[in-house]
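# Structural description and commentary
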Amino acid sequence: MRTIVAIILIPLWILPPLVANDDVSEGEKLFALHVKPLIAEKCLACHGAEPDDIQGGLDLRTRETLIAGGESFEDEVLIPGKGEQSYLYRTASRSEEGYEMPPKEADQLTEAQTWWIRDWIDAGAPWPDEQRVAMIQQRYAEGVQVATSKALSDDWQNRRYEPQKLWAYRPLQHVSVPAGKHPIDWFIDEKLAAAGLAPAPPAPAAELVRRMSFGLTGLPPTPEDVRHFTREYANDRESAVRTLAQQLMASPHYGEQFGLRWLDVVRYADTAGFANDYSRPNAWRYRDYVVRAFNEDKPYDEFIRQQIAGDEIDAEDPENLIATGFLRMGPWEQTGMSVFKETRQQWLDDITDSVGQTFLAHALQCAKCHDHKFDPVPTRDYYSMMAVFSTTQFAERDAPFLDVENKTGFEASDQWVNAKVAAYERERKELNQKVAKARKQETGDAKVGDNGLDPGDEASLARMSKNIARHRWELDRTRPIAFAVYTGKTIQRNNVGNRIELPENPWAKGQLEADAILAGGNVYSPTDPVQPGPLSAAVALGQMQPPSFPDGKGKRRLALARWIAAEDNPLTARVIVNRVWSWHFGKGLAGNPNNFGGTGALPTHPQLLDHLARWFMDQGWSIKKLNELIVTSQAYRRSSRHPQPQRQATLDPKGNLYASFQPRRLTAEEIRDAMLVASGELNRSVGGIPARPDVNLEVAFQPRQIMGGAASVYEPDPTPQQRNRRSLYAEKIRGLRDPFLESFNQPGPDKSCELRETSTVAPQALTLLNSEEVFDRSIAFAKRLVDEQLDDVETIDRAFQLALGRTPTAEERSLCLDQWNDAIAEESSRSYQAKTWPDQIMRTVMAEKTGQPYDFIETMPAYTNYQPDLQPADVDAKTRGLAHVCLVIFNLNEFAYLD
């Protein structure tokens, strides 16, 4: 067992008096406080870290070697008393063309840093010994020293930090809120008053109900919801808002919305990614676990423990096994062409960093090769955290289906997979016969090359065999298996595209990995041994109880999970509260939800963040209660239009005072789902195997390589019911992104997304106006409206209510009616043929061995009984004309943006 010893920080003013000389010169101060650390950080990697490999012959380890110069500049690198003439300053300030140092633009020194060098040289370039440097640093250095585990260098160990940048490591502050005051508004309003800025008035009921509905479920309110809330809001605002919040969070769609946001952070995907983009047939069960956790309001501390160490808590509980899918969400998996040891290390690096960002808001890979440049995270801490996972192994584990899991569509999924495999097997059999015949001919008198084989025939055999193996593995999608892990020795594996079984005895075979710091992050260069452990700065500065971590066969991940979920951990509650806040307001109280370190944005309202973190834990780590607290605040309910916009822009240009609610564009998934709601096509069933929506055919049929072979084309589900599910359930293929969702900033699944980006670019407008996806929704929307058999005026009113949550103005109604009539006249002169889809396609791909292109025919069984969405040929001219109006409504800013 490893025990972390508590470290007490002693304020400098109570240390005994220093005995060193008091006659410290300004030059010595410059050297000790600035120049020496600067040389160590920026220069020694090339000019001193490796004594046998001094680049350019310039050694910066001593004053004497600096004065001696190097190959390019002799006797002029350091000229004491002559800063501007010394090449050390001239290269650092980049005034010596061709000799700019450091050479990388990203490492360029600031002007202030170059002045430190110049002024130090002007002062005679004093170079006090280590003892005197330590005395000067202790006496004159600004900032705070942090006691951490042993660093790679004494300079780093003794470095100082700006106190305000250590805020996240310190214990939660406690500030009492006056009785009867809403805690969020009390802190927000205090800052508004100090700035002399009045808040915006409350948002109108119709805007607020739409904001809350999308915010808590990701779906628009029904017209009936809008009318009911408007009535209740007029009678009692506080009660109406609280009741609506509770109703929305009781909906199963609440878990889908918050689950989607969590899956952004953990990088959920249904395939492995990169060249190894195989299916992960059981990953969907982890996605549904996340949705379930939010719907059930699983305490967040339990949510943490299950995802990091569910199997070590209770491997007999399927939910625990499914939850550990979190540990395998990254794109790193073993391939048949990679070196196992290296790929294994890539996963260890990835999961260490992922746990750091997800739960602690720390990107830990910055400390992989050297002690962290900005944060009190030594390399030893990085490898101690990594050691927690060195006994974690991959496995697809048996896990019976839970009663709550959605098993709809299993039979159809298996039928498609079996049909795909059968088609490949027929083709392979025919080609094998052709190849055998050709080879038989070659043994006779036939000339080589004149054997009837096409250039791609042998390449096709390899391609078919690979795709058969891939698809057979996809049959696991409907089997009770968890995409999970186990604890045991590391067994070298080369499993590619098939299930990894759980060994009978995880400790019988394999290697118990030696945990050590890797020099330069190189898996082949282990140095000092380490033991499993947490972030030492959080223990010290956070005044945490010293935790114990087992090594050997112990439950290391469970120890880490308990440390992360401990109430005295200064990071964890702050991180999740900040995430939830950012999901509502579009930005965190601390501006970088994945980065609470020195390069992250400082909190705008640190006392509010700490109050919410403490309140959250006191409320049983309940996300639902936190959501209710946020949406019932006046800050959340404000109008997005401030009555004094110019004054607001002057006093609060970045919106950090929350004087008004910041409008936001719907996410990519919300836009698609809102269209399906308006058209009446949305399948609202929760959970289950991934849906395969229609995507642009050029994208669907484009070549996709997996391990040098050509993957099968993308085929949608045959029925609209399965295709038109919520976008959360769309199969997420790393190597084939849905162009519609990608256009609207759906993040890629390779890196953790702390906050959705919102761009405004031309392809978005073109997509909304011209894409088949939006056109299909417009036809269906129009058909829904016509089927309600309302008069024309009522039909337009109903369209606005369904899509925008309001009735149109008189002018809007008149314009829409005119457009509808004009479109009917235009459509009456047109005729449409029913569209058909072939179940075979000619494809061209590159042969794996030769790199030469070859053609082949691929069978697509999904199109054999494909049922398209409603098409123009299926409806009359009146409906098609109304679809033009529906298309315009879908293109309104009001449809895509929330006030």
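Residues numbered from 1 in each chain as written. Predicted model: local features only at pLDDT ≥ 70, side-chain atom pairs only at ≥ 80, totals over all residues. Heavy atoms only, no water.

## Here we look at the overall build of the chain
When helices and strands are counted, the chain shows 35 helices and 14 strands. Compactness check: the chain gives a C-alpha radius of gyration of 32 Å against a globular reference of 29 Å for 899 residues, within 12% of the reference. Oriented by its inertia axes, the alpha-carbon framework of the chain measures out at about 95 × 95 × 60 Å. The buried share among the 899 residues of the chain stands at 55%. A separation of at least 24 residues holds for 73% of the contacts in the chain among residues at least 6 apart in sequence. A total of about 39100 Å² of accessible surface is found on the chain, and carbon and sulfur atoms cover 51% of it. With 103 positive and 128 negative side-chain charges, the chain shows a spacing of 3 Å between the two charge centroids. (Helix = DSSP H or I, 4+ residues; strand = E, 2+ residues; numbered from the N terminus. Rg over C-alpha atoms; globule rule 2.2 N^0.38 Å. Buried < 20%, exposed > 50% of the residue type's maximum accessible area, 1.4 Å probe, protein only. Contact = heavy atoms within 4.5 Å. Areas by Shrake-Rupley, 256 points an atom, 1.4 Å probe, with all protein chains shown as cover. Lys, Arg positive; Asp, Glu negative; His and termini not counted. Charge placed at Lys NZ, Arg CZ, Asp CG, Glu CD.)

## Comments concerning the environment of Leu216
Mapped onto the secondary structure, Leu216 falls in helix α8 (residues 205-217). By relative accessible area, which is 1% here, Leu216 ends up buried. With residues up to four places along the chain from it excluded, the contact list for Leu216 reads Ala245, Leu248, Met249, His253, Tyr254, Gln257, Phe258, His584 and Asn627.

## Some remarks on the layout of surface pockets
Quantified by volume, the second largest pocket comes out at close to 600 Å³. Going through the elements one at a time, α17 (410-442) and α28 (720-723) are the ones with two or more residues in the lining of the second largest pocket. Partitioned by chemical class, the residues of the lining of the second largest pocket number nine nonpolar, 13 polar and six charged. (1 Å grid on protein atoms, 1.4 Å probe; cavity = no way out; pocket = protein on both sides within 12 Å on 5 of 7 lines; lining within 4 Å. Points joined across faces, edges and corners; volume = space filled by probe spheres on them. Nonpolar A, V, L, I, M, F, W, Y, C, P; charged D, E, K, R; others polar.)

## Re the pairing of strand β12 (residues 840-846)
Here β12 shows one buried face, formed by Ile841, Arg843 and Val845, and one open face, formed by Gln840, Met842, Thr844 and Met846. Hairpin connection from β12 to strand β13 (residues 853-859): six residues lie between these consecutive antiparallel strands, with Gly851 at a positive phi of about 75°. (Pairing = 2+ DSSP bridges.)

## A few points about helix α13 (residues 300-313)
The end-to-end C-alpha distance of α13, which contains 14 residues, comes to just 16 Å, noticeably less than the 20 Å that a straight helix rising 1.5 Å per residue would cover. α13 sits mainly inside the fold: eleven of its 14 residues count as buried. Tyr300, Asp301, Phe303, Ile304, Gln306, Gln307, Ile308, Ala309, Gly310, Asp311 and Glu312 are the residues of α13 that are buried. (Expected span 1.5 Å × (residues − 1).)

## Here's the deal with the packing of α13 against helix α20 (residues 556-564)
Taken N-terminus to C-terminus, the directions of α13 and α20 make an angle of 150°; their axes are 8 Å apart at the nearest point. Regarding the angle of α13 to α20, the classification is roughly antiparallel. Judged by the sense of rotation from one axis to the other, the crossing of α13 with α20 is left-handed. Each of Ile304, Arg305, Ile308, Ala309, Asp311, Glu312 and Ile313 in α13 lies in contact with α20, whose residues at this interface are Arg556, Arg557, Leu558, Ala561, Arg562 and Ile564. Partitioning the contact of α13 with α20 into residue classes produces seven nonpolar, no polar and six charged. (Axes fitted to C-alpha atoms, helices over the stretch in contact; angles between N-to-C directions. Parallel < 35°, antiparallel > 145°, perpendicular 65-115°, else oblique. Left-handed = near helix turned anticlockwise from the far one by under 90°.)

## Some words on the confidence of the model for the chain
Atomic detail in the predicted coordinates should be set aside for any region of low pLDDT. Across the chain, the average pLDDT comes to 92, with 95% of residues at 70 or higher. Within the model, the stretch residues 1-21 combines pLDDT values under 50 with 33 contacts to residues more than four positions away or in other chains. (pLDDT = per-residue confidence, 0-100.)

## Quick look at the packing of aromatic side chains
Any aromatic ring pair is given by two values, namely how distant the centres are and how the planes are angled relative to each other. The final tally for this structure, using the stated rule, is 37 aromatic pairs. Seen from the ring of Phe661, Arg211 lies directly overhead, with NZ or CZ sitting 3.8 Å from the centre. The aromatic ring of Tyr729 is capped on one face by Arg725, whose charged end is 4.3 Å from the ring centroid. (Phe/Tyr/Trp six-rings, centres within 6.5 Å; stacked < 30°, edge-to-face > 60°. Lys NZ or Arg CZ within 6 Å of the ring centre and 35° of its normal.)

## Side note on the side chain of Arg160
One can find Arg160 in strand β3 (residues 160-161). Of note is the side chain of Arg160, whose polar atom sits 3.3 Å from the backbone oxygen of Gly143. (Polar contact = N/O pair within 3.5 Å; in protein donor to acceptor, adjacent residues only side chain to side chain.)

## Considerations on the pattern of salt bridges
This model, assessed by the stated rule, comprises 66 salt bridges. A salt bridge links Arg784 to Glu788; the nearest nitrogen and oxygen atoms lie 3.9 Å apart. When its relative accessible area of 29% is taken as the criterion, Glu788 is described as partly exposed. Notably, a salt bridge pairs Arg830 with Glu827, separated by 3.3 Å at the nearest N-O pair. Within the structure, one salt-bridge network assembled from shared partners comprises Glu256, Arg672, Asp673, Glu681, Asp694, Arg723, Arg726, Glu773, Arg777 and Asp869. (Salt bridge = Lys/Arg side-chain N within 4 Å of Asp/Glu carboxyl O.)

## A word on the pairing of strand β4 (residues 392-398)
In terms of residue burial, β4 counts as a mostly covered element, since six of its seven residues are buried. In this structure, β4 lies alongside strand β5 (residues 481-487), joined through seven bridges in antiparallel fashion. Note that in β5 the partner of Glu396 across the bridge is Phe483.

## Observations concerning the packing of helix α15 (residues 340-360) against α20
Running from amino to carboxyl end, α15 crosses α20 at an angle of 25°, the nearest separation of the two axes being 12 Å. Judged by the angle between their axes, α15 and α20 are roughly parallel. Pair α15 / α20 crosses with right-handed handedness. Packed against α15, whose contacting residues are Val355, Phe359 and Leu360, the element α20 presents Leu560, Trp563 and Ile564 at the interface.

## Examining unusual backbone geometry
Residue Pro102 follows Met101 across a cis peptide bond; omega there is -10°. The backbone of Arg94 shows a phi angle near 60°, a positive value even though the residue is not glycine. Counting through the fold element by element, Arg94 comes out in the loop between α3 (87-92) and α4 (111-122). We classify Arg94 as buried; its relative accessible area is 17%. Although it is not a glycine, Asn745 sits at a positive phi angle of roughly 70°. Tracing the backbone shows Asn745 in the loop between α29 (739-743) and α30 (762-770). We classify Asn745 as buried; its relative accessible area is 15%.

## Things to note about the environment of Asp154
Along the polypeptide, Asp154 turns up in helix α6 (residues 154-157). Exposure remark for Asp154: the relative accessible area of 62% places this residue in the exposed category. In this structure the C-alpha to C-alpha distance between Asp154 and Lys437, which are 283 residues apart in sequence, comes to 73 Å.

## Structural notes on helix α18 (residues 457-474)
Taking 1.5 Å of rise per residue, the 18 residues of α18 would be expected to cover 26 Å, and the 26 Å separating its terminal C-alpha atoms lies within 8% of that figure. Along α18, the positions that sit buried rather than exposed are Asp457, Ala459, Ser460, Leu461, Arg463, Met464, Asn467, Ile468, Arg470, His471, Trp473 and Glu474.

## Re the nonpolar core
Of all hydrophobic cores here, the largest spans 130 residues; its most connected members are Trp262, Tyr286, Phe359, Trp563 and Trp581. Leave out the neighbours within four places in its chain, and Tyr286 touches Trp262, Leu263, Val266, Tyr268, Gln307, Ile322, Ala323, Gly325, Phe326 and Met329. With 34 residues, the next largest nonpolar core counts Val774, Ile779, Ala799 and Leu802 among its residues. (Core = buried A, V, L, I, M, F, W, Y, C linked by side-chain atoms within 4.5 Å.)

## Some details on the environment of Cys816
With respect to the helices and strands, Cys816 occurs in helix α33 (residues 810-828). Along the sequence, Cys816 and Asp792 sit 24 residues apart, while their C-alpha atoms lie 10.0 Å from each other. In this structure, Cys816 is in contact with Ile796, Phe800 and Val885, ignoring residues within four places of it in sequence.

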